[in-house]
Amino acid sequence: MTVHLNWFLPTGGDGRTLVDRHAYTDGGIKRSRVTPVSGVRAPDIDYLIQIAKAAEQVGFEAVLTPTGTWCEDAWLTTVALAQHTERLKFLVAFRPGVISPVLAAQMAATYQRITRGRLLLNVVTGGDSTEQRRFGDHLDHDRRYARTDEFLSVVRGVWGGKPFDFAGEHYQVEGGLTALPPDPLPEVFFGGSSAAAGPVAARHADVYLTWGEPPEQVKQKIDWIRGLAEEQGRTVRFGIRLHTISRDSAAEAWATANRLLDDLDPDTIAAAQQALGRSESVGQQRMLALHGGSRDDLEISPNLWAGVGLVRGGAGTALVGSHADVADRIEEYHALGVEHFVLSGYPHLEEAYWFGEGVIPDLAARGLLPRIPASQLASVPAANGRPASAPGGAPLLVGGGR
C-alpha cells in the first residue's frame, strides 16, 4: 500500500499567518480590510493556478477544495483550474443537503468527461447549524447524516446507467438516470466522528477521512469504521487531514510554528474558541479537546502541533519538524492503515514547495511512493545545496492577489 499525497486549495484566502481570514469580512474575495494583518492573499484565480501547478509539479496527486460561505464554489473553481493542469486531480468538497443527488451525479459525470477523469468527491454533511441554515438547510445534526445516507444511495443508484427509483424520508426519485455515467466513477471521501456518521461511512465511503489526531486516537477511529464496514461486507480505505511545517532542520520548523503562534493575541484566540465551541461537529469538539484553548503543551504527540486549532476550524493540527521528522510521522500513520494524506500549510504556495522538495523525496526513498516525481527544474543547477526553485535557501514564489 503506497501513500497518496494530496494538497489543499485555499479558496477562502491565503496568507502568512493563521488569522488571515479574520483580516477580511468576506474571506478576502473583495479585499475589504478589517484588521492590519500583512501578507493576506485573496483567492484570485491566478494565485490558485500557481498553487495547483506547484502541487502538480512537486508530485501531489490531488488537491482538496473546501466548501462554505467564505470559499469560492469548489465545482466551478476546480473545473477552471483543470484547464491549467495536466494530471492533478481535484477533491471537490460539497454539501449533499443543498443539491439534488441526481443533479450531483450528472455534474460528476460531466466533470469527469471535461477533465478526463480527474474528479474525487468529498462529501461534507455539515456540523454547524448556522452555516447550514445560511444555505436553507434546517435539519439537525443526526438527520443531516440520515439524509447524506439517502443522498449517496441515490447518487450510486443513478450512476448505474439505467432508471433508478428511490423512496426515502428525504428523497423520492422516479426513474433517476445519468445517461452517460462517469468513467471512472469518482471515489467518495467522507468524514465524521459521531455515532450518526459511522454507519454512513461504512455503507458509502471509498475513503474515510479523519482530522489529524494523535496516532492512538486515529487507530481507534480506523478500527471503528473498519468494523462497521465489515458488517456491511465492504472495505473502506483511510485518509487523514493535516497541516504541515517542514524545514531543513527541526529548529527551523519549530521556529516557524512559534512565529505563527506569536501572531495570535489572547482576544483573537478567545473569540475563535468561543465560536468553534458552538459547533455541533463531534470531530470539531475532538480537535478543541487536543489543546483546550491553551497555548501550553501544543505538541500533543511527537511532531504533532495543535496550534492551528486555536483559531481555525476543521483540521487543527500540523506535522512540524525536519523533512525526515515529518516523513517519520507519515510512515507511522501509514503503518496504522492511513493511505491518503490531505495536507496544507501557510502560505499554501511556499509550503507546497517545502514539502515537495523536502519530504516527498524522503518518502520515495523509503518505498512509500511509486517514484520521485520528475521536476521541471531537474536540469537546472542547484544553488547553495537547494533546488533552483528555492533561491536563497527558501522556496519562495510571489503569489498574486495579495
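Read on for a plain summary of the structure. The shown structure was predicted, so the numbers you read here are calculated from the model rather than taken from an experiment.

## Topic: the pairing of strand β13 (residues 338–344)
Part 1: Counting buried positions along β13 gives seven out of seven residues, so the element sits mostly inside the fold.
Part 2: Sheet analysis places strand β1 (residues 4–8) next to β13, joined by three bridges and oriented parallel. Counterpart to His4 in the pairing with β13 is His340.
Part 3: Across six bridges, strand β9 (residues 237–247) lies against β13 in parallel orientation.

## Describing unusual backbone geometry
Part 1: Across the junction of Asp183 and Pro184, the peptide omega takes the value 0°, indicating a cis bond.
Part 2: By the element assignment, Pro184 lies in the loop between β6 (172–176) and β7 (188–190).
Part 3: Backbone torsion omega between Tyr346 and Pro347 reads -5°, so that peptide bond is classified as cis.
Part 4: By the secondary structure assignment, Pro347 is in the loop between β13 and α12 (348–365).
Part 5: If you check the backbone angles, Arg116 has positive phi at about 60° while not being a glycine.
Part 6: Within the secondary structure, Arg116 is located in the loop between α3 (101–115) and β4 (119–123).
Part 7: The exposure class of Arg116 is exposed, given its relative accessible area of 75%.
Part 8: Positive phi, normally seen in glycine, also occurs at Asn303, with a value near 65°.
Part 9: Position of Asn303 among the secondary structure elements: in the loop between β10 (299–301) and β11 (304–305).

## Focus on the pairing of strand β5 (residues 164–167)
Part 1: Here three bridges tie β5 to β6, and the two strands are oriented antiparallel to one another. Looking at the pairing, Phe166 lines up with Val173 of β6.
Part 2: Connecting the antiparallel pair β5 and β6 is a turn made up of four residues.

## Let's talk about the pattern of salt bridges
Part 1: Inspection of every chain in the model, using the stated rule, returns 19 salt bridges.
Part 2: Across the pair Asp223 and Lys219 runs a salt bridge whose closest N-O atoms are separated by 2.9 Å. Separated by four residues within a single helix, Asp223 and Lys219 lie in helix α7 (residues 215–231), roughly one turn from each other.
Part 3: Classification of Asp223 as partly exposed rests on a relative accessible area of 39%.
Part 4: For Glu331, the salt bridge is made with Arg366, and the minimal N-O distance between the two is 2.7 Å. With Glu331 in helix α11 (residues 323–336) and Arg366 in the segment after α12, the pair connects residues that are 35 residues apart, well separated along the chain.
Part 5: According to the relative accessible area criterion, Arg366 is partly exposed, its value standing at 27%.
Part 6: If you follow the salt bridges from partner to partner, you end up with Asp328, Glu331, Asp362 and Arg366 in one network.

Conventions we followed
- Residues numbered from 1 in each chain as written.
- Predicted model: local features only at pLDDT ≥ 70, side-chain atom pairs only at ≥ 80, totals over all residues.
- Heavy atoms only, no water.
- Buried < 20%, exposed > 50% of the residue type's maximum accessible area, 1.4 Å probe, protein only.
- Helix = DSSP H or I, 4+ residues; strand = E, 2+ residues; numbered from the N terminus.
- Pairing = 2+ DSSP bridges.
- Salt bridge = Lys/Arg side-chain N within 4 Å of Asp/Glu carboxyl O.

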